[in-house]
Amino acid sequence: MKLRRTARALLLASAATLAAGLTLGGCTSAPSGHATRTATSSSWKKGADAEESAAFMKVQVPQGATEVKGAVRVQPQENVYLLSFVTSEQAAEAITKDLHPDYPLAAEGPSSSSLSGDGFKHLGLTPPQELKSVRTTSACPPCVGDSRRSHIQGIEIHIGEVAGNRVRVYLAAY
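This structure is a prediction, so every number in the text was calculated from the model and none was measured.

Student: Requested: an account of the sheet that holds strand S6 (residues 155-163), with residues and values cited.
Tutor: Taken in spatial order, the seven strands of this open sheet run S1-S2-S3-S7-S6-S5-S4, and their pairing is antiparallel. Two strands bound the open sheet, and with one partner strand each, they are strand S1 (43-44) and strand S4 (106-107). Across six bridges, the pairing between strand S2 (residues 66-74) and strand S3 (residues 80-88) is antiparallel. Across the sheet, the residue bridging to Lys69 is Ser84, located in S3. Across the sheet, helix H2 (residues 50-57) is in contact with S2, S3 and strand S7 (166-173); its angle to S3 comes to roughly 100 degrees. Its contacts with the sheet put helix H3 (residues 89-98) on S3, strand S5 (134-139), S6 and S7, and the angle it makes with S3 is roughly 145 degrees.

Student: So what's going on with the side chain of Thr87? Residues and values would help.
Tutor: With respect to the helices and strands, Thr87 occurs in strand S3. Judged by its relative accessible area of 3%, Thr87 falls in the buried class. Those residues in contact with Thr87, other than ones at most four positions away along the chain, are Pro62, Ala65, Ala92, Asn165, Arg166, Val167 and Val169.

What counts and how
Residues numbered from 1 in each chain as written. Predicted model: local features only at pLDDT ≥ 70, side-chain atom pairs only at ≥ 80, totals over all residues. Heavy atoms only, no water. Pairing = 2+ DSSP bridges. Helix = DSSP H or I, 4+ residues; strand = E, 2+ residues; numbered from the N terminus. Contact = heavy atoms within 4.5 Å. Axes fitted to C-alpha atoms, helices over the stretch in contact; angles between N-to-C directions. Buried < 20%, exposed > 50% of the residue type's maximum accessible area, 1.4 Å probe, protein only.

Next up, the structure:
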């Protein structure tokens, strides 16, 4: 019995080591003609703005939106595009619907698992995960056949109340 547990533990340890090796190896090599990233930490793309982030996400910033901000965080695996603006509740709902979310917007408590991390602080904004009243959802464009956004793996959507019928929309995509 003890021998079986030891053999199983060794087998699991070997499998975990092999999986980690394959994962790391897969991240460092690329077919010829493709660029690989060698940076081990993230940085902010110089000159990137809301226009670049909106273009990547194929999102139209609503007319009359204020405090429009955007940035691109360059990371070892993929870039994260951030976009935020203040608009009407109706416009925020329309944008969310157009992104084909996985589930309806819902109130959620503070979360540290946000893809956006501290990126919105870089834009001078309170991050959505620090807001008391925020609704959130996510979208997987390839999962729902959104051909306009097939190049995007995921989009995180947060909507926080500002004042009256105005809300701040936070979008993070990779």
